[in-house]
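Letter by letter, the chains look like this.
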Amino acid sequence: MRKLFSLGISLAFLCGGCAFFGKKQASEKPLRRIVCFGDSITAAGDFAGELQLYLSCKYPGERIEVFNAGVPGDTARVGALRTASQVLTLAPDMVIVGFGMNDVGRQLYYTRLPENAADAKARTICADNYRKNLANIIRTLRKNDIRVVLLKPFPYDENGTRPAPDDKIGFCNRIGLAHLAFLCETDYRGELPMPETREALETLYAGHPELAIAPDRIHPDKRGHWVIADEIVKTLFDGDDGDAPLPFPLTREMAEFSHIRPLPHLTRGGRMDSPAQILRAKLEKIRACDEKLILLNMFDSFALDKGLSPDDEEAVKRVVGDFARRFKMDEKYARYLQYREKRAEFSAASQAARDEYFATLKTLR
């Protein structure tokens, strides 16, 4: 096992017996900033928040920041377009990349029985595009000496108790999203760290359908995000044994849930009366600031998708505004127009909230 990061402490990485740094992976340097880059599941912010708490409690003497660059509805194609403006500008040392939920059209998540040939062809085209665009994202990050961690597309919950839209439809997670996961394995297994987040959620969905972890069958709730965060931590830090110097701020809900699905890497050393519990409140302040930035990023992404510069205000108002009206997003779009004028202010508020978070961490050490 080789050392992963230079933090003045030993961080080791295990991934199927493969060292973290392949020949094309970024050079070793201190880990200071992580960006979670993906679609609406990333944008929800829960697994990014738990990862931030884990790192703060495990390494309280280090300022390791986790940023959320998720955008609802995003695809790998649009992700490739926004990598420069919404990820590289954050100057990350590591990016956790997670796309795929929107790269196969929602109507292609399932197949009619017998199989519809047109749908099968459309899924193949979607998969080819996903593969190409994901490669573009990874290539850009590596070119900028950034470590890449890849999350396979998350599963569609075929086991939920909520009725499917059409009882004559056989949902085919294994035909749609699973094909994209297979491509991730084919192209990057042994080359990039690939947490088993998809497999962990599939097991949870199948074993406990009564819990409705993904209420809409697509987006996992906080419990699902705990599992995602735990799998990420397990992949990146499993070789770094021992309890954290600062007990992890465990919630009562997490303690109850861990009896159903153990969360060893998040709950090791954790307790509900941990002094680090105050960090959760500080983290919520960061998230409140970042929600505004995520909304800005979302509509900026619509502009990029249409071949526009987000700075071209007139074109954005015309093209993106029309898109927002057609998809009944008028209220969010109105907020976006207001937020555009305060972008720098929101970025400064987000930074101030992070400064407050790490100042509080110093008092808890």
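Residues numbered from 1 in each chain as written. Predicted model: local features only at pLDDT ≥ 70, side-chain atom pairs only at ≥ 80, totals over all residues. Heavy atoms only, no water.

Draft legend 1. Broad picture of the nonpolar core. Ranked by internal contacts, the top residues of the largest apolar core, which has 85 residues, are Phe37, Leu55, Ile96, Val97 and Leu266. In contact with Phe37, not counting residues within four places along its chain, are Thr42, Ala69, Gly79, Arg82, Thr83, Val87, Val95, Ile96, Val97, Gly98, Phe99 and Ile137. Listed in part, the 19 residues of the second largest apolar core include Ala303, Val316, Tyr336 and Phe346. (Core = buried A, V, L, I, M, F, W, Y, C linked by side-chain atoms within 4.5 Å. Buried < 20%, exposed > 50% of the residue type's maximum accessible area, 1.4 Å probe, protein only. Contact = heavy atoms within 4.5 Å.)

Draft legend 2. Quick peek at the confidence of the model for the chain. Across the chain, pLDDT averages 87, with 85% of residues at or above 70. Contacts from residues 1–26, a stretch scored under 50 in pLDDT, to residues over four places away or in other chains number 76 contacts. (pLDDT = per-residue confidence, 0-100.)

Draft legend 3. Representation of the pattern of salt bridges in the model. By the definition in use, this model includes 28 salt bridges. Note that Arg32 is salt-bridged to Glu62, the shortest N-O span being 3.3 Å. Here Glu62 lies in the loop between α2 (46–58) and β4 (65–70) and Arg32 lies in the loop between β2 (10–12) and β3 (33–38), a separation of 30 residues in the sequence. By relative accessible area, Arg32 is classed as partly exposed at 35%. One network of salt bridges, with partners in common, ties together Lys152, Glu185, Arg189, Glu196 and Glu199. (Salt bridge = Lys/Arg side-chain N within 4 Å of Asp/Glu carboxyl O. Helix = DSSP H or I, 4+ residues; strand = E, 2+ residues; numbered from the N terminus.)

Draft legend 4. The arrangement of the environment of Ile213 in detail. Within the secondary structure, Ile213 sits in the loop between α6 (197–207) and α7 (222–237). Remark: the alpha-carbon pair of Ile213 and His225, spanning 12 residues in sequence, is separated by 9.5 Å. Ile213 has contacts with Leu204, Tyr205, His219, Pro220, Asp221, Arg223, Gly224 and Phe257, leaving out every residue within four places of it along the chain.

Draft legend 5. Main features of the sheet that holds strand β5 (residues 94–98). Taken together, the 4 strands give an open sheet; going across it, the order is β4-β3-β5-β7, and neighbouring strands pair in parallel fashion. The sheet is open, and its two edges are formed by β4 and β7 (147–150), each paired on a single side. Going from strand to strand, the sheet's axes swing by 20° on average, the running direction of each strand aside. Sheet contacts for helix α3 (residues 76–86): β3 and β4; angle to β3, the most-contacted strand, approximately 150°. (Pairing = 2+ DSSP bridges. Axes fitted to C-alpha atoms, helices over the stretch in contact; angles between N-to-C directions.)

Draft legend 6. The environment of Ser350, seen in detail. Note that Ser350 resides in helix α13 (residues 343–364). As for Ser350 and Asp290, which are separated by 60 residues in sequence, their C-alpha atoms are 6.3 Å apart. With sequence-adjacent residues up to four places away left out, Ser350 is seen in contact with Cys289, Asp290 and Leu293. Side-chain polar atoms of Ser350 contact the side chain of Asp290, separated by 2.7 Å. (Polar contact = N/O pair within 3.5 Å; in protein donor to acceptor, adjacent residues only side chain to side chain.)

Draft legend 7. Highlighting the packing of α3 against helix α10 (residues 277–305). Put simply, α3 and α10 touch, their axes get as near as 10 Å, and they point 115° apart. Pair α3 / α10 crosses with right-handed handedness. Between α3 and α10, the contacting residues are Arg77, Val78, Leu81, Arg82, Ser85 and Gln86 on the first element and Asn297, Asp300, Ser301, Leu304 and Asp305 on the second. Of the residues belonging to the contact of α3 with α10, the class tally is 3 nonpolar, 4 polar and 4 charged. (Left-handed = near helix turned anticlockwise from the far one by under 90°. Nonpolar A, V, L, I, M, F, W, Y, C, P; charged D, E, K, R; others polar.)

Draft legend 8. Molecular detail of the packing of helix α4 (residues 117–143) against helix α5 (residues 177–188). Where α4 contacts α5, the axes come no closer than 10 Å and their chain directions differ by 45°. Taken together, α4 and α5 sit at an angle that is classed as oblique. Note on packing geometry: the crossing formed by α4 with α5 is right-handed. Counted together, Ala127, Tyr130, Arg131, Leu134, Ala135 and Ile138 of α4 and His179, Leu180, Leu183, Cys184, Thr186, Asp187 and Tyr188 of α5 form the full contact between these two elements. Partitioned by chemical class, the residues of the contact of α4 with α5 number 9 nonpolar, 2 polar and 2 charged. (Parallel < 35°, antiparallel > 145°, perpendicular 65-115°, else oblique.)

Draft legend 9. A look at the packing of aromatic side chains. As enumerated under the stated definition, the model contains 12 aromatic pairs in all. The residue whose ring lies beneath Lys292 is Phe346, and the NZ or CZ to ring-centre distance is 5.8 Å. Positioned over the ring face of Phe67 is Arg354, at 3.8 Å from the centre of the ring. (Phe/Tyr/Trp six-rings, centres within 6.5 Å; stacked < 30°, edge-to-face > 60°. Lys NZ or Arg CZ within 6 Å of the ring centre and 35° of its normal.)

Draft legend 10. Focus on the pairing of β3. Across the 6 residues that make up β3, a large majority, 5, are buried. Where β3 and β4 come together, 6 bridges link them in parallel fashion. Across the sheet, residue Arg33 finds its bridge partner in β4, namely Glu65. Summarising the sheet, β3 and β5 pair through 5 bridges and their orientation is parallel. Residue Cys36 lies in a different strand from β5, and its bridge partner there is Ile96.

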